[in-house]
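The primary structure of each chain is shown beneath.
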Amino acid sequence: QAAAGGGRAAPRAPGPHNVCRLLGRRAHGFYARDAGVAHRKNLALLRKIMCQESTKFKNVWTTHSASPIAYERGRIYMDNYQCCISSIAQSPRILYQKSKCAKSEKIEDALLLECPLGEMLPSPSDYKSSLIVLTVQNWLLRLSADSGEVLEKIYLAGSCCKSFRYLSWDTPQEVMVVKTVQNKLPAAARQAGIQQSVLFYLAVFQVLPLSFIGMLEINKKIFGNNVTDVAVSNGILIVMYSMGLVRLYNFKAILEQFMEQPFELGQEFNWNGQVGVVGKYPFGLPCNIKITDIPPLLFEASSLENAFQIGGYPWHYIITPNKKKHKGVFHICSLKDNALAKNGIQDMKCCSLEPDWIYFHPDMSGRIIHVGPNLIKVLKLKEVKNHPDQMEIAEDFTIVANRENCVNNTVTVTASGRVVKKRFNLLDDDPEQETFKIVDYEDELDLLSTVAVTQIGADGRAHLDFHCNEHGILLKSIPFRESWDVTYSHEVYFDKDLVLHIEQKPNRRFSCYVYQMVCDTAKDE
């Protein structure tokens, strides 16, 4: 066209040719037509507003309940998910209230299901958030998150299994796993010599659209007698044993090798002499994955209380040596060759009632968070100088509890000059000293949040702090208005401009406190 018009072609706009640089520039919003640019700018603006000194968080709503309270993405669920309250509005409002359900319809577990981006779905209802719930009678229901309407209904338990109780993600928002409780024979049956070889059943589903992948059994004839629990995560079947052993198997390979016949929901079938419809009562789901031989072992490790985590880059794992005297000691090792990283033994040497804990940072940076009563260490993996094949653990930053006013002298002198010696020292998590109780990460705002508590007498005070996730700098501190008893169970959710505190008191009494971001004006004061 340029030649026909007698002009010269416009030169190509200069741009980065390196893929990593291109992705980096896109992440920082250099391309205005990128769909995520406006969203990232809005979140950056929200973070700046939130961390301003003039911005406060106000307790806008409080409720109490005799049944557990749950929170999922701006929705508060009460009365065993029969009541749903939106926490996004200026003051929480009821989205739906269903009549009290019978004990046979009690919900045991739930997962929030959100629409995947960029995919064509068969039903208009699939594009809205929904709640997958598991009932005590082995029904799997998909409910509208906004109205509670039943969108799909699947019966799980056929003649072979009866007690499905747990929902979890294999791949978040893609593949879901439903697990039974461990099958145990009654004492009378054991005394009569009856053998029970199946320990667990796992039913696996693809979500949106909801489709049945298969059901398998965990049999002690294959995996051994000492199996205490199983899980599926990120395509890995994890089997845990009573002696602290953890074994990993390739779950995708198990499906391909041992699936006898694929089935679809609603399909009529004739299976082992049974005729029925897949997912309908009373037949439920067929157990179509029969593991007849031990699958190839990917990895195994021995750890105290089966505590085992994988993460970092390159891949590493965290365990505690399998002896009680090593509780609170963590070893960080290479997944490739089991080599202990340099400085890979992490021990805070805490003297406390509650142990410290450690985990890979959820921001996918490969870092590690180690939380003690008065210290949070963010660690990173890096190459050892002059030894590129060896990794070492280095400190990225630390967050320290405010204990400036805490005096713990073992020797004191009275006004008369008499020397008094204490016979004991305070614990590191003594309630009268500020102690870290919760550490979380808000991915959309890239903030690390911590809850620290100090309790003097019956009155406990807590505050939620926001820290820069990159450097650990304190950006904002929010005091909780309600008293905080360290003997109760607490959950804190930080979701953009919302803070929610759920408290469980003795005798199954639950409280929920909702805080929202507000501008601190003279009128409000």
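Residues numbered from 1 in each chain as written. Predicted model: local features only at pLDDT ≥ 70, side-chain atom pairs only at ≥ 80, totals over all residues. Heavy atoms only, no water.

**Quick look at the side chain of H316**
- Among the structural elements, H316 can be located in strand β21 (residues 316-319).
- For H316, a relative accessible area of 2% puts it in the buried group.
- Within the structure, the side chain of H316 is placed 2.8 Å from the backbone oxygen of P314, a separation counted as a polar contact.
- What H316 contacts, discounting residues up to four positions off in sequence, is Q309, I310, G311, I332, C333, S334, L335, A341, F360, L381 and M391. (Helix = DSSP H or I, 4+ residues; strand = E, 2+ residues; numbered from the N terminus. Buried < 20%, exposed > 50% of the residue type's maximum accessible area, 1.4 Å probe, protein only. Polar contact = N/O pair within 3.5 Å; in protein donor to acceptor, adjacent residues only side chain to side chain. Contact = heavy atoms within 4.5 Å.)

**A closer look at the UniProt feature "transmembrane region" (unreviewed entry) in the chain**
- Look at the UniProt record and you will see "transmembrane region" (unreviewed entry) annotated at residues 198-218 and 230-249.
- Annotation note: span residues 198-218, helix share 0%, strand share 81%, distance between end C-alpha atoms 6 Å. (UniProt positions renumbered as here; feature names shortened; annotations may be inferred.)

**Let's talk about the nonpolar core**
- Judged by nonpolar contacts, the single largest core of 28 residues is most densely connected at L140, L156, M176, V178, F205 and L285.
- Those elements giving two or more residues to this core turn out to be β6 (107-113), β7 (130-135), β10 (164-171), β11 (175-180), β12 (198-206), β13 (211-219) and β17 (268-271).
- At four residues, β12 tops the list of elements feeding residues into this core.
- Beyond its immediate sequence surroundings of up to four residues, M176 is in contact with L111, I132, L140, L167, S168, W169, A203, V204, F205, V207 and L210.
- In this structure, V175, L216, I218 and F258 belong to the second largest nonpolar core, which totals 23 residues. (Core = buried A, V, L, I, M, F, W, Y, C linked by side-chain atoms within 4.5 Å.)

**Focus: the pattern of salt bridges**
- Per the stated rule, a full pass over the model turns up 16 salt bridges.
- Across the pair R75 and D146 runs a salt bridge whose closest N-O atoms are separated by 3.1 Å. Placement of R75 in strand β3 (residues 75-78) and of D146 in the loop between β8 (139-144) and β9 (150-155) is noted, with a sequence separation of 71 residues between them.
- Classification of R75 by relative accessible area gives buried; the value is 12%.
- Via salt bridges that share partners, D126, R142 and E152 belong to a single interconnected network. (Salt bridge = Lys/Arg side-chain N within 4 Å of Asp/Glu carboxyl O.)

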